[in-house]
Structure formats: structure tokens, C-alpha cells
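# Architecture at a glance
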Amino acid sequence: MTVITSPKMRSWLFAPGDSARKMEKAAGGSADIVLLDLEDAVAIEQKPEARRMVAEFLTANASERARLWVRINPLDGDFTKADLEAIMPAKPGGIMLPKAEGGHDMETLDAMLTPLEQAHGIEPGSTPVAVLVTETAAAMFTTGTYKGTPRLAAMTWGAEDLADSIGAMGNTAEDGSYRPTFELARSLCLLGAASAGVPALETIMADFRDLDGLKTRAEMVRRDGYRGMMAIHPAQVDVINAAFTPSVEEIAEAREIIELFAANPGAGTIGWRKGMLDRPHLSRAQQLLAQLDQ
């Protein structure tokens, strides 16, 4: 199996595939990944034109291709095949699969992508996929089935489509926090991603003007284990990048912890200025430094 290598994955900015201006603005900014959207942001009658525009944009921005991904339409609809046939000749940096309902959907997508890669001079298996894993009620029960699936690069979750799927009138409480079902979706995504060994990505914050709230939320989910976040507006990108970048202090502490264990090989616990360290502390320090290499 081809090893998937990806650029930084802190910020993922959506741009409608039928707007050249918005795609250009998104690509010209500081987002780690730009998601050229063929799904929710594009009306049905505009999808053929959006496919053409996205393929043209990818071709015209070949030097940026690694960070230019495409969100295709879901597998249970009528548009996936046409999406892939239109964009794969232009060699997108990756694919986002929405409304997935389990690891079997990754197998299905892999079977669709492989012959297109072969036909267009792309190494088979090399196009990475980020998957949206909680957008339907059924999908909530399968977030742990993605381990070992082909092409998997990241997992994220969605609250808006899930609310529609279960008939909820809303997904947040009065204070803006997610209601229990949607907090469960967030947790299941995180656990599924950890099990699969890929980064978990937080869903969008719809109020793009509330940058203070975005900072608070991004920092919170990072502490929980998330490694990046979706954005719907360029103004959100720098806040997200900062929240998911280890601080100088965090890096220094992680290096100190690693050096302590290196100086005491075989030790299960080590006394430290902030208390007792054990092996999970070492693992977390190593994971934090690994983020710097992405």
C-alpha cells in the first residue's frame, strides 16, 4: 500500500467550486488545506460548471496542488462518478468524502479512484482522502471501522447534516455549546481517528465573525486531541493555525521530558519539577514534537 504523506493539516478552508474569485482568495491565503467544494456549496444545476471550474483551477495552480483538495459529492448520490472523472485528470492534492457511513465507503472510493489514477499518470493509491464520519445517524455507529482502510489521511465530523438526519431542530444549547448528541459525534470522531492513526479535525464554526469564540473552541478541542479544524471564511484561518500550533513553551517542555527519559533508560516514572512523569507523558511529548515535522 502506498504511504500517504500530507502537508500540515491545521486549517481546512472551504471554497465554493463555482466561484473562481473565492477559490483564488482561499488559495492565496494561509490555509494549510483549501477544500474546493463540489457538494453543499454548489447548487445541483451548477455542479457541471463547478466541476469544470475546479479542474481548470487545479491545472492552473499546479505548484499549489498538494494543498488543493476537493470535496466531492457523497457516494449515495448521483454525482460522485462525474466529480471524479472531471477532477482526477487535474491531479487534486486530496479528496474529502462527505456523508461516509463506514470503512466500506473508503473501499468503494478506492475502487473508483485507482483506475482514474492509472489513466492519468498518478501513482495508484497516492491520492489521500479525508472523510466526514458523522453526518448521518447510521454513520454514528461506524466511526471505529476506518482503521486500515486505503488512502485514509484524516477524519472529521459534521453537525449540520447530522441534525437534519435525525430531525433535530438545532444542534446547540443556549450558550452555544453542542447538545449531547452532537458532543457524542465529536467524541466518536476523535476516538475513531485515534484508532485509525490519523488526525481528527474539528467541524466548522458557522459564526465566522466570532473570532474570540473560535479561538476558545479551537484551543479546547486541541487539548482534547484534535489536530486541526474546518473553516468557512478566510478570517478564521490564522486563528485556527495559531491554536493548533504548539507553543514555544510546549515544545520546550516536550523536549525536556524526552531528554529526561533518554537520560534514565528503563525508568517507568521520573520525578520532574511539575510532578511525577510516567510513560504516557513521554508518549504525549513525542506526539507533540511529531506535529512539528508535518
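Once a new chain begins, its residue numbering starts again from 1 and follows that chain's sequence as written. Per-residue local features are limited, in this predicted model, to residues with pLDDT of at least 70; the limit for side-chain atom pairs, both in listing and counting, is 80 or more; totals at the level of whole chains, interfaces and linings are taken over all residues. Computation of side-chain values covers all heavy atoms of the structure but excludes hydrogens and water.

## Focus on the overall build of the chain
Cut-off, in case you're wondering: Per the convention used, a helix needs a DSSP run of H or I reaching at least four residues, while a strand needs a run of E reaching at least two, with both numbered from the N terminus. It is over C-alpha atoms that the radius of gyration is taken, and the globule rule equals 2.2 Å times the number of residues to the power 0.38. With a 1.4 Å probe rolled over the protein chains alone, any residue whose accessible area is under 20% of its type maximum counts as buried; one over 50% counts as exposed, and the rest are partly exposed. Contacts are residue-level and defined by heavy atoms, with any inter-residue pair within 4.5 Å sufficient. Exposure was quantified through the Shrake-Rupley algorithm and a 1.4 Å probe, taking into account, for residues, occlusion by the shown protein chains and nothing else. This count recognises Lys and Arg as positive and Asp and Glu as negative, with His and chain-terminal groups excluded. Charge coordinates come from a single atom per side chain, which is NZ of Lys, CZ of Arg, CG of Asp or CD of Glu.
A tally of regular secondary structure across the chain gives ten helices and ten strands. Expected size for 294 residues packed as a compact globule is a radius of gyration near 19 Å; at 20 Å, the chain falls within 12% of this value. The dimensions of the chain, computed from C-alpha atoms along their principal axes, are 65 × 50 × 35 Å. When burial is assessed residue by residue, the chain has 48% of its 294 residues classed as buried. A separation of at least 24 residues holds for 68% of the contacts in the chain among residues at least 6 apart in sequence. When the accessible area of the chain is evaluated, it comes to approximately 13,800 Å², of which 54% is carbon and sulfur surface. If you average the places of the 29 positive and of the 41 negative side-chain charges in the chain, the two averages end up 4 Å apart.

## Considering the sheet that holds strand β5 (residues 129–132)
Condition: Should DSSP find at least two bridges between two strands, the strands are taken to pair. Axis lines are fitted through C-alpha atoms, for helices just across the contact stretch, and the angle between N-to-C directions can take any value from 0 to 180 degrees.
The strand order around the closed barrel formed by eight strands is β1-β2-β3-β4-β5-β6-β7-β8, and the pairing between neighbours is parallel. For this sheet, the mean inter-axis angle between neighbouring strands, taken without regard to orientation, is 30°. Sheet topology places strand β4 (residues 94–97) next to β5; three bridges connect them, and they run parallel. Bridging from a neighbouring strand, Met 96 pairs with Ala 130 of β5. Helix α1 (residues 20–27) contacts β1 (11–16), β2 (33–37) and β3 (68–71) of the sheet and is inclined by roughly 165° relative to β1.

## Focus on unusual backbone geometry
With the exception of glycine, most residues fall at negative phi, and the peptide bonds are largely trans. Positioned with a positive phi, Lys 99 is a non-glycine residue whose angle comes to about 50°. The backbone of Arg 151 shows a phi angle near 75°, a positive value even though the residue is not glycine. Tracing the backbone shows Arg 151 in the loop between β5 and β6 (152–156). According to the relative accessible area criterion, Arg 151 is buried, its value standing at 3%.

## A word on the pattern of salt bridges
Note the threshold: For this document, the term salt bridge refers to a Lys or Arg side-chain nitrogen within 4 Å of an Asp or Glu carboxyl oxygen.
Enumeration over the complete set of coordinates arrives at 17 salt bridges. A salt bridge links Lys 99 to Asp 161; its shortest N-O distance comes to 3.4 Å. Taken together, the positions of Lys 99 in the loop between β4 and α4 (103–119) and Asp 161 in helix α5 (residues 160–166) put the pair 62 residues apart, joining distant regions of the chain. This pair shows no difference in class: Lys 99 is buried, exactly as Asp 161 is. Here the salt bridges do not stand alone but share partners, grouping Asp 37, Glu 39, Asp 40, Arg 71, Lys 99 and Asp 161 into one network.

## Comments concerning the layout of surface pockets
Put simply, the rule reads: Points on a 1 Å grid, built from protein atoms alone, make a cavity when a 1.4 Å probe fits but cannot get out and make a pocket when they are open with protein on both sides within 12 Å along at least 5 of 7 lines; residues with an atom within 4 Å of a point are the lining residues. Grid points are joined across faces, edges and corners, and a volume is the space filled by probe spheres set on the points. Classification used: nonpolar for Ala, Val, Leu, Ile, Met, Phe, Trp, Tyr, Cys and Pro, charged for Asp, Glu, Lys and Arg, polar for all others including Gly.
In this structure, the second largest pocket occupies an estimated 350 Å³ of space. Taken together, 17 residues line the second largest pocket, and the ones lying closest to its centre are Gly 176, Ser 177, Tyr 178, Met 205 and Arg 217. Of all the secondary-structure elements, those providing two or more residues to the lining of the second largest pocket are α6 (180–196) and α7 (211–224). Each residue belonging to the lining of the second largest pocket can be placed in one class, and the counts come to five nonpolar, six polar and six charged.

## Regarding helix α10 (residues 279–291)
What counts is decided by this rule: For a helix, the expected span equals 1.5 Å multiplied by the residue count minus one.
Given a rise of 1.5 Å per residue, 13 residues ought to cover 18 Å, and the 19 Å separating the end C-alpha atoms of α10 matches this to within 8%. Within α10, burial applies to Leu 282, Ala 285, Leu 288, Leu 289 and Gln 291. Where α10 is buried, its residues touch α7, α9 (248–263) and β10 (275–278).

## Things to note about the confidence of the model for the chain
Using the following cut-off: How sure the predictor is of each residue is captured by pLDDT, a score from 0 to 100.
Chain-level statistics for the chain give a pLDDT mean of 91 and a share of 97% at 70 or above. When the criterion is pLDDT under 50, residues 1–6 qualifies, and its contacts beyond four places in sequence or with other chains add up to 15 contacts.

## Things to note about the packing of aromatic side chains
Defined as follows: Planes of paired rings set the category: under 30 degrees apart is stacked, over 60 is edge-to-face and the rest tilted, where pairs are Phe, Tyr or Trp rings (Trp by its six-membered ring) whose centres lie within 6.5 Å.
Overall, the coordinates contain two aromatic pairs when judged by the stated rule. Measuring from centroid to centroid gives 5.0 Å for Trp 12 and Trp 69, while their planes differ by 75°, and the two rings are edge-to-face. Taken together, the positions of Trp 12 in strand β1 and Trp 69 in strand β3 put the pair 57 residues apart, joining distant regions of the chain. Grouping residues by exposure puts Trp 12 and Trp 69 together as buried. Considering the side-chain rings of Trp 157 and Tyr 178, the 5.2 Å spacing of their centres and the 70° angle between planes classify their relative orientation as edge-to-face.

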